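Structural overview
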Amino acid sequence: EGGFGRATPPCEGSFRRAKMVSTARDRKPAATAAPSKKGRAIQVPVGVDVLSAAELEEIAGGGEPTEIQMRLIYGLEHPVGGPHRSCTNAADPCKTNHKWNPSCFGGLGWKMKKVTPKGDKAQDFHPTATRGDSVPFGGLRNLGATCYMNSMLQCLYANKPFRRTILNLEHEVVPEESTNNTRPLEELRRLFANLAHSQAKTYDPTPFVTSLQLSTTVQQDAQEFLKLLLSYLDDKLVSCAALQENVRSMVKDEFNGRYCYCTTCVVCGQKSKVVTPFLELDLPVQGMSSLPEALADFLKKEELTGDNQYQCAACDTKVDATRGIELIDLPQVLHLHLMRFVYDTKTFNRKKVMSAVTFPKVLDMSQYCKGDPKDKSKKKAKPPKNQNGAAAPPPEEGFLYELEAVVLHSGPSAISGHYIANVRDEESGRWWRFDDEEVASLDEDEFFGNEAGLAKARKKRKPKDAETLEGQVRSKEAYMLIYKRKGAQDQAASGEDFMPPQFEQVIRDESERLVEAAKAEETAFGADKRKLGEHEIIKEEIFKMLPLESGNDGYFVPTRWLKDWIDVDPITAKCDKVSTVDIASNESRPDPRKLGDMKVVSAHAWDKIVENYSLEEGHPILETKLLCVASVKAECKRRHDLAQESTESTILKELFKEATPQSGVWISKAWWKDVRDRKTGGDRADPDGTDVVCSSSETLPEDLAAQCKEMRQMTGDKSKRRLISHEAYNHVKGKYGIPGFPFGSEPCIICSEHEAMEMENNAGLKQERAGLKAATKTLWSQLSVKLVSGETYFLVANSWIETFFNYIQLTDIKELDP
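Thresholds, definitions, all that
- Residues numbered from 1 in each chain as written.
- Predicted model: local features only at pLDDT ≥ 70, side-chain atom pairs only at ≥ 80, totals over all residues.
- Heavy atoms only, no water.
- Helix = DSSP H or I, 4+ residues; strand = E, 2+ residues; numbered from the N terminus.
- Buried < 20%, exposed > 50% of the residue type's maximum accessible area, 1.4 Å probe, protein only.
- Contact = heavy atoms within 4.5 Å.
- Areas by Shrake-Rupley, 256 points an atom, 1.4 Å probe, with all protein chains shown as cover.
- Core = buried A, V, L, I, M, F, W, Y, C linked by side-chain atoms within 4.5 Å.
- Pairing = 2+ DSSP bridges.
- Axes fitted to C-alpha atoms, helices over the stretch in contact; angles between N-to-C directions.
- Parallel < 35°, antiparallel > 145°, perpendicular 65-115°, else oblique.
- 1 Å grid on protein atoms, 1.4 Å probe; cavity = no way out; pocket = protein on both sides within 12 Å on 5 of 7 lines; lining within 4 Å.
- Points joined across faces, edges and corners; volume = space filled by probe spheres on them.
- Nonpolar A, V, L, I, M, F, W, Y, C, P; charged D, E, K, R; others polar.
- Salt bridge = Lys/Arg side-chain N within 4 Å of Asp/Glu carboxyl O.
- Phe/Tyr/Trp six-rings, centres within 6.5 Å; stacked < 30°, edge-to-face > 60°.
- Lys NZ or Arg CZ within 6 Å of the ring centre and 35° of its normal.
- Left-handed = near helix turned anticlockwise from the far one by under 90°.
- Disulfide = S-S within 2.5 Å.
- Arc of directions from axis to C-beta.
- Expected span 1.5 Å × (residues − 1).
- pLDDT = per-residue confidence, 0-100.

Right, let's talk about the overall build of the protein for a bit. In terms of helices and strands, the protein carries 24 helices and 28 strands. Across the 818 residues that make up the protein, the buried fraction comes to 43%. Summarising the internal contacts of the protein: among those between residues at least 6 apart in sequence, 71% fall at separations of at least 24. Working note: accessible area of the protein is about 45,000 Å², and carbon and sulfur atoms make up 50% of it.

Quick look at the structure:
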C-alpha cells in the first residue's frame, strides 16, 4: 500500500491461518500490499481471505464461523508473524495508513505531536478589508486590464520625492487640466492620499482611469504608460507659474537624463552631436544574458563606411566615421526598459523574448559614461545634481545606483499577460510584491518568486562562479528596472506624507468605519480561535484513547470521518457528525466487505467522539462484539461460487477448444456463447439452452403447433445451433441438463413442410404482385388530379393506398387486406 513496489505472494506458512488459494479468489486482488523489511511488497490477506480454502468451503456450505475466525476476518486478531504488528507499534508508527489493518492510525494523525490547522490564517488575525499591521501598503483594484497601470503607479508611489511633491501641491494652484473637468493630476493626488493615509486594503482607481480616459478592457504597455504619464505631469507642473521652481522641475530633476547621438569623423576627428532628453533607456535583451551586456550593446559604436559614409562638414567630403550614443546627464531615478517585445520578421507580428537576463542590485554607471575609451580627451558624463541644486557628490559615488523596483511581465505573449511590481521600501529596506489588490512581503530568496534567485544560482554553479553572482538577480520576466542613485538625499523626502485637506475627512471617515469593522472581525476571530483551541485539546485527548487494547471491546468508525476530523476547518473548527451507514451491512452491523473504509477505536475514544461530535440520527452503532455473521457467510458463499465458476470456466474452455468438430452434438449457440464469455445470473441470452429446440410453432396453425411442441425436434435455423464434441456435451448435460441433438439429426419435419408450403405460396404472391405492378404502372401519375366540373371522383383511404404500393413493391406483406 502506498507504492512499495510490485506485489508478490507470501511464502507458504507465512501467516498462521492464511493460505492464498488461486481457485477460491476473485479476479481482482483480494489482498493489499504491505512493506516488507527489504522494501518490497508482500500480500496481506484481509476479510474472508484470511481463511483457508477448507474453512471458506465449510462456511460457504452452511457452517458457522467460529469466534476466532470472525475476529481474524475483521482484523481484531492478527496472524502470527504478519506485518500488522508494525501498525500498532507506538515507538515506530506507520508513515502511511494501511487499509488492511483497522487498528492502523498512521497517516491519520496518530502519534503526531500536535495537529495544527493548515496555513497561518488560524495563528494570526488578518482583516479582510483593512491592511493590518503586517502589511502597511495598500493595493490597487484591477478594473479588467489595468495591471500595467497599477504596477507603474505603485513604483511611482514608492518614490518619496515624487509622492510627496504630488501630495504637497496646493489644491488652488493646480490648474484645470482640460475643458471637460477631467483632472488627472488631482485624481493622482487623491490616489496617493488614499495609499498613504487610508486603512483600506485596496483602493479603486476608477476616478483616475476616467480622468485619463483609459480603456479598462485593453491592456497597454507599462513602459509607454509611464513615459506618457510623466510627460503629462511635467507639462502641467511646468505650466503652473504659481509653483516653486523645484516643484515645477520635479519630473525633470528626478527622472530626466540626457544623451547625445554623436557622429565622429575618423579623418579630422570633428564631432556632430544631437542632444536628446530621455525618461528611460530602451535596452535590447534579444541575444543578451546580462544588463551590462545590454548597456554595452546600447552604447556600441556603429561604423559608417563604404556606401554609408558620412558627409563631414569640415572635410567637405564623404569620409569614414563612427556613430553612437553617449550619456551626458544621468537622472536621480534611472528607468531601464528591457525590450522584450520585438518584431518577428517571419510572422510579421510582435513576439516576446523569454531569455533570462542577469542584473545587479547595485549598478555602477561610470563605465558607461566615459565615451570612447581610446579618446583620452573625453570626459565622463555629469552625475546628477540634487533636487535642491546642491553640488554633486564625488563621481565614484554619483554613478552608483541601487535597485529600487522591478516590473515583471508574465506570460509568453506580447499582446497579453500580466504585470506585477516588486518594490523596495526605502525606510525598511524590505521588498514587497504588488499584484493589483494583493500586497505581500518578499524574502530575499523569494525576490522573484519562482524565478532563479541568488541562492538557487549559487547551488547550481561552481564556487568560483558563485562569487560573481553575489548581488545579482536573474529573471526571465523582468521588463522594467528602476534604479535610484545611491546616497541621494532630498529634503522633500523627510517627515511624514502630507494629507491634502480636501480628501482628509472622507479618508478619515472611511478608515474609522473599516477599523471598527476589523475590530468586530477580530473579536469573532478570537472566539473561533478559542473554539479551535478547545477542539485541539479534545482531539489530542481522543488521539491518546484511539488504540484498542487486546481483549477489549471497541467500535468501528469510518476512516473518512477520522480524516475530516483531523483536517477540520481552522477557522470554524466545525466537524460533521459521525456517519456509519456507509460501513454497515443490511443487518446494521459492520460490513466485512468494507474493512478498508473503517477503523476500530476503543470504547473510551468512542464515548468521547459521540459526546463531542454526536452520531447521525438513525445510524447504527457498530460494536466489535456484534459482528455480522450473515454478511461473512454470504461473502464466503459468493467467493466459493466464484471459485467454482472459475474452475468450471477453465474446464469448459478446454472442452470447447475444438472449433469445428466433424461429429458431435448440436446445442444452443446462445447458451454456448454465454458460457464461453462467463456471463452470470439472469442476463444470459438463453439460460436454459432451449434455442436448439424448434420454436417456430408460433407461425403454425394451432393443430400443427401442438404437434410441433409435442415432438420437440431440432430447429432448422442454423444460426441458433452450435456443434460441440460428445465429451463436452456429456459434461454440460450432466451439470446443466441442456438439450442437444446428435450430428446428422433431421430438423423439425412439421416446420420444414410448412416452410416449403410457405415458399411455394410466396412464389405465387410474388408473381401476382409483379402482375399488379405492371398493370398499375400509370397509377402513380393519376393519383393527383385536377378537379373538373361535372366529372365523378372517388375517395380512397391514404392508408390503403400506402399498403397497396408496399404490397406490389414485394415488401414483407403476406397478403393485401381487401
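To continue, consider the nonpolar core. In terms of nonpolar packing, the biggest core is built from 56 residues, with F162 and F192 touching the most fellow members. Grouped together as the second largest cluster of nonpolar side chains are 37 residues, L291, Y368, C369 and L442 included.

Bringing the sheet that holds strand 9 (residues 302-304) into the picture now. Strand order in the open sheet formed by four strands is 7-6-12-9, with antiparallel pairing between adjacent strands. Each edge of the open sheet carries a strand with a single partner, namely strand 7 (271-278) and strand 9. The mean angle between the axes of side-by-side strands here comes to 25°, regardless of whether they run parallel or antiparallel. Direction of pairing for strand 6 (residues 257-265) relative to strand 12 (residues 321-329): antiparallel, over a ladder of eight bridges. For Y261, the partnering residue across the bridge sits in strand 12 and is I325.

Interhelical geometry of helix 4 (residues 147-158) versus helix 5 (residues 160-168) gives an angle of 90° and a closest axis separation of 5 Å. Accordingly, the angle class assigned to the pair helix 4 and helix 5 is roughly perpendicular. Residues L156, Y157 and A158 of helix 4 touch helix 5, and the partners they reach there are K160, F162 and R163.

Right, let's talk about empty space enclosed by the protein for a bit. All chains considered together, the criterion is met by seven cavities of 30 Å³ or more. Within this model, the largest cavity holds a volume of roughly 130 Å³. Taken together, 16 residues make up the lining of the largest cavity; nearest its centre are C155, A158, N159, E404 and I482. The set of elements that each furnish at least two residues to the lining of the largest cavity consists of helix 4, strand 13 (333-339), strand 18 (400-410), strand 19 (418-424) and strand 23 (478-485). Counting residues per element, the lining of the largest cavity draws most heavily on helix 4, at four residues. Classifying every residue of the lining of the largest cavity gives 10 nonpolar, two polar and four charged.

Next up on the list: the pairing of strand 15 (residues 349-352). In this structure, strand 14 (residues 341-344) lies alongside strand 15, joined through four bridges in antiparallel fashion. Bridge pairing in strand 15 links V342 to K351. Hairpin connection between strand 14 and strand 15: a loop of four residues separates the two successive antiparallel strands, and F348 in this loop has a positive phi of roughly 60°.

This next bit is on the pattern of salt bridges. Applying the stated criterion across every chain, the model contains 23 salt bridges. Residue R248 is joined to E245 by a salt bridge in which the shortest nitrogen-to-oxygen separation is 3.8 Å. In this pair, R248 and E245 both sit in helix 9 (residues 245-248), three residues apart, roughly one turn of the helix. In this structure R248 comes out as partly exposed when scored by relative accessible area, which is 22%. R638 is the salt-bridge partner of E635, the closest N and O atoms lying 2.9 Å from each other. One end of the pair, E635, and the other, R638, are both in helix 18 (residues 629-655), three residues apart, so they sit about a helical turn from each other. Connected through salt bridges with shared partners, the residues D49, E635, R638 and R639 form a single ionic network.

Another point: the packing of aromatic side chains. A full pass over the atoms with the stated rule returns 18 aromatic pairs. Judged by centre distance (6.0 Å) and plane angle (50°), the ring pair of Y74 and F556 falls under tilted. Placement of Y74 in the loop between helix 2 (67-73) and helix 3 (84-87) and of F556 in strand 24 (residues 554-558) is noted, with a sequence separation of 482 residues between them. The burial state of Y74 is the same as that of F556; both residues are buried. Here a set of aromatic residues connected by ring pairs shows up, and it is made of Y157, F162, F192 and F255. Cation over ring: R163 sits above Y157, and NZ or CZ is 4.6 Å from the ring centre. The cationic tip of R721 hangs over the ring face of W666; the distance from NZ or CZ to the ring centre is 4.5 Å.

Further remarks concern unusual backbone geometry. A positive phi angle is found at Q213, which is not glycine, with a value near 55°. When its relative accessible area of 58% is taken as the criterion, Q213 is described as exposed. Although it is not a glycine, S614 adopts a positive phi angle of roughly 70°. Relative to the helices and strands, S614 resides in the loop between helix 17 (603-613) and helix 18.

Okay, the sheet that holds strand 28 (residues 741-742) next. The sheet built from three strands is open, its strands ordered 27-26-28 with antiparallel pairing. Both outer strands of the open sheet, strand 27 (721-724) and strand 28, are each paired with one neighbouring strand and no more. With two bridges connecting them, strand 26 (residues 665-668) and strand 28 associate as antiparallel partners. Across the sheet, residue W666 finds its bridge partner in strand 28, namely F741. In the packing of helix 21 (residues 726-736) onto the sheet, contacts are made with strand 26 and strand 27, and the angle to strand 27 comes to roughly 110°.

It is the contact of helix 5 with helix 6 (residues 184-197), at a shortest axis distance of 9 Å, that shows an interaxial angle of 115°. Judged by the inter-axis angle, helix 5 sits roughly perpendicular to helix 6. Between helix 5 and helix 6 lies a crossing of left-handed hand. The residues of helix 6 that touch helix 5, namely those facing F162, R163, I166 and L167, are L185, L188, R189, F192, A193 and A196.

What follows deals with the state of the cysteines. Scanning all chains against the criterion turns up zero disulfides. With no disulfide of its own, C260 lies 5.2 Å from the sulfur of C262, the closest cysteine sulfur.

On to helix 17, then. Taken as a whole, helix 17 has its buried residues at A605, W606, I609 and Y613. Looking straight down helix 17, one finds its buried side chains confined to an arc of 100°; they lie on one side. Exposed and facing more than 90 degrees away from the buried side of helix 17 are H604 and E611. Directly beyond the C-terminal end of helix 17, a positive phi value near 70° is found at S614.

Below, the discussion takes up helix 6. When the terminal C-alpha atoms of helix 6 are compared, their 20 Å separation across 14 residues agrees well with the 20 Å that a helix rising 1.5 Å per residue should span. All of the buried residues in helix 6 are P184, L185, E186, E187, L188, R189, L191, F192, A193, N194 and L195.

Extensive coverage of strand 24 is indicated by the burial of five of its five residues. Summarising the sheet, strand 24 and strand 25 (residues 598-602) pair through five bridges and their orientation is antiparallel. When the bridges of strand 25 are listed, P558 appears paired with M598.

Tracing the sequence through the fold places D674 in helix 19 (residues 669-676). A C-alpha to C-alpha distance of 9.9 Å links D674 and G689, two positions 15 residues apart in sequence.

Here the protein shows a mean pLDDT of 75. Residues at 70 or above account for 72%. When pLDDT is averaged over each element of the protein, helix 4 comes out on top at 94 and strand 1 (residues 7-8) at the bottom at 34. The low-confidence segment residues 1-31, where pLDDT is below 50, has 73 contacts with residues more than four positions distant or belonging to other chains. Here residues 35-42 is modelled with pLDDT under 50, and outside its nearest four sequence neighbours on either side it reaches 22 contacts, counting other chains as well.

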